[in-house]
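# An overview of the molecular structure
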Amino acid sequence: MSVKLFGHGISQPTRFVSWVCALGNQKYTFIQTDPTKEQTKTLDFIAMNPSQTIPVYQETDTNGEM
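## Thoughts on the side chain of T33
Along the chain, the position of T33 falls in the loop between β2 (29-32) and α2 (43-48). For T33, the side chain forms a polar contact with the main-chain oxygen of I31, separated by 3.0 Å. Setting aside its immediate chain neighbours within four residues, T33 contacts F6, G7, H8, Q39, T40, F45 and I54.

Given below as structure tokens:
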């Protein structure tokens with residue numbers, strides 16, 4: 001399973017999810033997503049999270065399916 005965390009380092013909710021992953025020894029790929037640069041308003045991001053907020057925690061199985 002592959003895990004991606006979309007967020008911004010200054011975001012407290014993003015840091016919280018990151019801490020939970022660390023406590024659970026969950027490896028993840030961090031994708032820097034800056035809402036001030038409208039990176040949460042792209043069609044790809046909206047497809048993941050229609051509310052256009054961070055963080056987004058995304059799990060993908062080995063077949064590439066969510």
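Now that the structure is up, let's keep going.
## Quick word on the environment of L5
Relative to the helices and strands, L5 is located in strand β1 (residues 2-7). For L5 and L43, which are 38 residues apart along the polypeptide, the C-alpha to C-alpha distance reads 17 Å. If we skip the residues at most four places from it in the chain, L5 touches T14, V17, S18, Y28, T29, F30, I31, P55 and V56.

## A few points about the side chain of N49
Within the secondary structure, N49 sits in the loop between α2 and β3 (56-60). A residue is classified by how much of its surface remains accessible, and N49, at 14% relative accessible area, is buried. Within the local environment of N49, its side chain forms a polar contact with the side chain of S51, the two groups lying 2.8 Å apart. Of note is the side chain of N49, whose polar atom sits 2.8 Å from the backbone oxygen of T53.

The rules behind each value
Residues numbered from 1 in each chain as written. Predicted model: local features only at pLDDT ≥ 70, side-chain atom pairs only at ≥ 80, totals over all residues. Heavy atoms only, no water. Helix = DSSP H or I, 4+ residues; strand = E, 2+ residues; numbered from the N terminus. Polar contact = N/O pair within 3.5 Å; in protein donor to acceptor, adjacent residues only side chain to side chain. Contact = heavy atoms within 4.5 Å. Buried < 20%, exposed > 50% of the residue type's maximum accessible area, 1.4 Å probe, protein only.

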